[in-house]
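The lines below spell out each chain.
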Amino acid sequence: MNILIIGCGDTGAQLANTLDELGSQVSVVDRDPAAADALSEDFGGMFTTGVPIDQDTLKHAGIEGCDVVVAVTKDDNTNLMVAQIARDLFGVPKVISRVSDPRREEVFSSFGLSTVCPTILTAASIAGMLEDEGGHKEQITFGGTKVIFEEMPIDRQYIGEYAEAIELPKGNVLLGVLSQGGKLRLRGEGMQTVIREGDSLIVSHIMA
C-alpha cells in the first residue's frame, strides 16, 4: 500500500515509522526539513520538504500514485485543505484527517471526510482502560488494511530493561510504553523506553 503522510510531528513521524515497519510504501511531507530527524534510522520511505497544500509538493511526494493520504499536521485548517485537494483534485481513494478540536469534527464530516480526533480517542481509551482491567485494544483502518493497537502486560523480570529488548509475538511492532499513571512514552525517545514498575507495552499489528 502506498501511503502519503502530511505532517511529520510526533504523530506523523510515529505513524510513518510504524507503517514503514509494517511493510507499506510511505512518503512524508513537512514544511520543516528538520522534522525528518524524527523518522527512524531504518525508515525506508521518502521525505519531502514543502508546503503541504502546494500541488507540486504533493506531486513530488507521490500523491498521484498513492492509495491513502493521511493529514496529521498540527493545524486543522491545513488538514482540511490537504484532504480536499487529495480527494477532489487527485482522486485519492482514501483520505484521513486529524482534527484536534472535537467541535470541528462536524465541519470535516460535512465535507464527507474521514477524521480521527486524538482528543476523543484519548478520552475513550482512558475510560475503557478504567472499565477494563485487562489489555485494551483499539482498531484503525487505513485504506483496506486494519491495524490493531493493543496494550500488553510486561513481566516483572524486564523492569529496568529497555522495551526494545522484549521479544514480541510475530507480526507485532512496538509503539511505546504506557505507564501506570497513563503516560505514553513513545519508542525512539531513548532512556524513556526503560521499563518501570506498572508499565505495559503498546504494540500494533495488521489484522489478518
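In the block above lies the structure referred to throughout.
Cut-off values and rules
- Position numbers for residues count from 1 along each chain, tracking the sequence in the order it is written.
- Given that this is a predicted model, residues contribute local features only at a pLDDT of at least 70 and side-chain atom pairs are listed and counted only at 80 or more, while totals for whole chains, interfaces and linings are drawn from all residues.
- To obtain the side-chain values, all non-hydrogen atoms of the structure were used and water was disregarded.
- A pair of strands is considered paired only if DSSP assigns at least 2 bridges between the two.
- What counts as a helix is a DSSP run of H or I of at least four residues, what counts as a strand is a run of E of at least two, and both are numbered from the N terminus.
- Note on definitions: angles span 0 to 180 degrees between N-to-C directions of axes, and those axes are lines fitted to C-alpha atoms, for helices only across the stretch in contact.
- Only heavy atoms matter for contacts: two residues are in contact if any of them lie within 4.5 Å across the pair.
- Multiplying 1.5 Å by the residue count of a helix minus one yields the expected span of that helix.
- Remark: exposure states derive from per-residue accessible area (1.4 Å probe, protein chains only) relative to the maximum for the residue type, with buried under 20%, exposed over 50%, and partly exposed in between.
- We call a crossover right-handed when, viewed with the strands running away from us, the connection from the first strand over the helix to the second turns clockwise.

Q: Can you help me understand the sheet that holds strand β2 (residues 25-30) in this one?
A: Two pairing modes exist for strands in a sheet, parallel and antiparallel, and in both the strands are linked by backbone hydrogen bonds. What the six strands build is an open sheet, ordered β3-β2-β1-β4-β5-β6; its pairing is parallel. Whereas interior strands pair on both sides, the edge strands pair on one side only; in this sheet they are β3 (46-49) and β6 (114-116). Neighbour-to-neighbour, the strand axes of the sheet open up by a mean angle of 20 degrees, direction not taken into account. Note: strand β1 (residues 2-6) against strand β4 (residues 68-71), four bridges, orientation parallel. Bridge pairing in β4 links Ile-5 to Val-70. Packed onto the sheet, helix α1 (residues 10-21) meets β1, β2, β4 and β5 (94-98) and runs at close to 165 degrees relative to β1.

Q: Hey, could you run me through α1 in this one?
A: A turn of α-helix holds 3.6 residues, and therefore any two residues three or four places apart point the same way. Under the 1.5 Å per step criterion, the end-to-end length of α1 is 17 Å for 12 residues, consistent within 8% with the ideal 16 Å. Taken across its 12 residues, α1 has nine buried, putting it largely inside the fold. When α1 is considered as a whole, its buried residues turn out to be Gly-12, Ala-13, Gln-14, Leu-15, Ala-16, Asn-17, Thr-18, Leu-19 and Asp-20. Following α1 by one or two positions, Gly-23 has its phi on the positive side, about 105 degrees.

Q: How should I be thinking about the pairing of β1 in this particular structure?
A: Remember that side chains alternate between the two faces of the sheet whenever the strand is regular. With four of five residues buried, β1 lies mostly within the body of the structure. Relative to β2, β1 runs parallel, the two sharing five bridges. Counted as the bridge partner of Ile-3 is Val-26 from β2. Between β1 and its parallel partner β2, the chain crosses via α1, and the hand of that crossover is right-handed.

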